[in-house]
Amino acid sequence: MSNSPINTDNSAHTVAVLAVQGAFLEHRLMLEKLGARVIELRQARDLEQSFDRLVLPGGESTVQAKLLREQNMLEPLRERIAGGMPVLGTCAGLILLAKNVEGNEVNGFGTLDVTVKRNAYGRQLGSFHCDANFGDLGAVPMTFIRAPYIAEVGSNAETLATVDGHVVAARQGNQIGTSFHPELDSDTRIHQLFLNL
Ligand code: GLN
């Protein structure tokens, strides 16, 4: 199976990658490899540029939420996500999207109807790699780094992937959240799926 989409023209898409903290560069590189235009969001002024979709990278969700609020980006982005703008949240990005976070106040967007548990794999299993089925894509490589898992999928969301009995990816309309880091493996299918939304 080919990892690279054939004859897919992504040049019409401009993806905004949240770049206040965390692993945003790898997303940028993967999206550019797929032919999409990429801009980085660091402050409210950056929201004035035109973009049609959003990536929320891994990193530290509490720090990202704080910076989003301080930079006055949280509410404008929340409105656009709630309005249907496609969004891919990975790891900390999933936590920002989650409606509920077990035992923590992260106060992110809260637009994806799931409950996540942060640092859910404990210290020893903090980082690991595996292959597992993802939606209709079949098996994809998954790299987990101090990852959350989805403890509960609400009625508005659907499960996309499960590893060892834990949900690690979910979707609600144009929102996709993953516990793992698809930008760290060479398989581009999840980013292409996001660009197709
Ligand atoms: N543990 C981080 C958090 O709770 C997420 C880790 C990651 O994004 N790689 O925000």
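Reading guide: rules and limits
Residues numbered from 1 in each chain as written. Predicted model: local features only at pLDDT ≥ 70, side-chain atom pairs only at ≥ 80, totals over all residues. Heavy atoms only, no water. UniProt positions renumbered as here; feature names shortened; annotations may be inferred. Contact = heavy atoms within 4.5 Å. Polar contact = N/O pair within 3.5 Å; in protein donor to acceptor, adjacent residues only side chain to side chain. Helix = DSSP H or I, 4+ residues; strand = E, 2+ residues; numbered from the N terminus. Buried < 20%, exposed > 50% of the residue type's maximum accessible area, 1.4 Å probe, protein only. Pairing = 2+ DSSP bridges. Right-handed = clockwise from strand over helix to strand, strands pointing away.

## A short note on the UniProt feature "active site" (unreviewed entry) in the chain
As recorded in UniProt, the feature "active site" (unreviewed entry) lies at Cys91, His181 and Glu183. For the residues just named, distributed over 93 residues, the greatest C-alpha separation is only 11.0 Å, placing them together at one site. If sequence neighbours within four positions are ignored, His181 has contacts with Gly58, Cys91, Thr143 and Ile145. A distance of 2.7 Å separates a polar atom in the side chain of His181 from a polar atom in the side chain of Glu183. Relative to the helices and strands, Glu183 resides in the loop between β12 (175-178) and α5 (189-196).

## Considerations on the pairing of strand β1 (residues 14-18)
The element β1 is extensively covered by neighbouring structure, given that five of its five residues are classed as buried. Of the two faces of β1, both are covered, the one formed by Thr14, Ala16 and Leu18 as well as the one formed by Val15 and Val17. For β1 and strand β2 (residues 37-41), the ladder comprises five bridges, and the chain directions are parallel. Directly across from Val17, in β2, lies its bridge partner Glu40. Handedness of the crossover joining β1 and β2 through helix α1 (residues 24-33): right-handed. The sheet contact formed by β1 and strand β3 (residues 53-56) spans three bridges and is parallel. Looking at β3, one finds that Ala16 is bridged to Leu54.

## Some words on the UniProt feature "binding site: L-glutamine" (unreviewed entry) in the chain
Here, the residues flagged by UniProt with the feature "binding site: L-glutamine" (unreviewed entry) are Gly59, Glu60, Ser61, Arg118, Ile145 and Arg146. A compact arrangement is adopted by the annotated residues: their sequence extent is 88 residues, whereas the largest C-alpha distance between any two is 13.0 Å. Relative to the helices and strands, Glu60 is located in the loop between β3 and α2 (61-70). On the basis of relative accessibility, which here comes to 22%, the residue Glu60 falls in the partly exposed class. Topologically, Ser61 is positioned in helix α2. Non-local contacts of Ser61, meaning those with residues more than four positions away in its chain, are made with Ala92, Ile95, Leu96, Val106 and Arg118.

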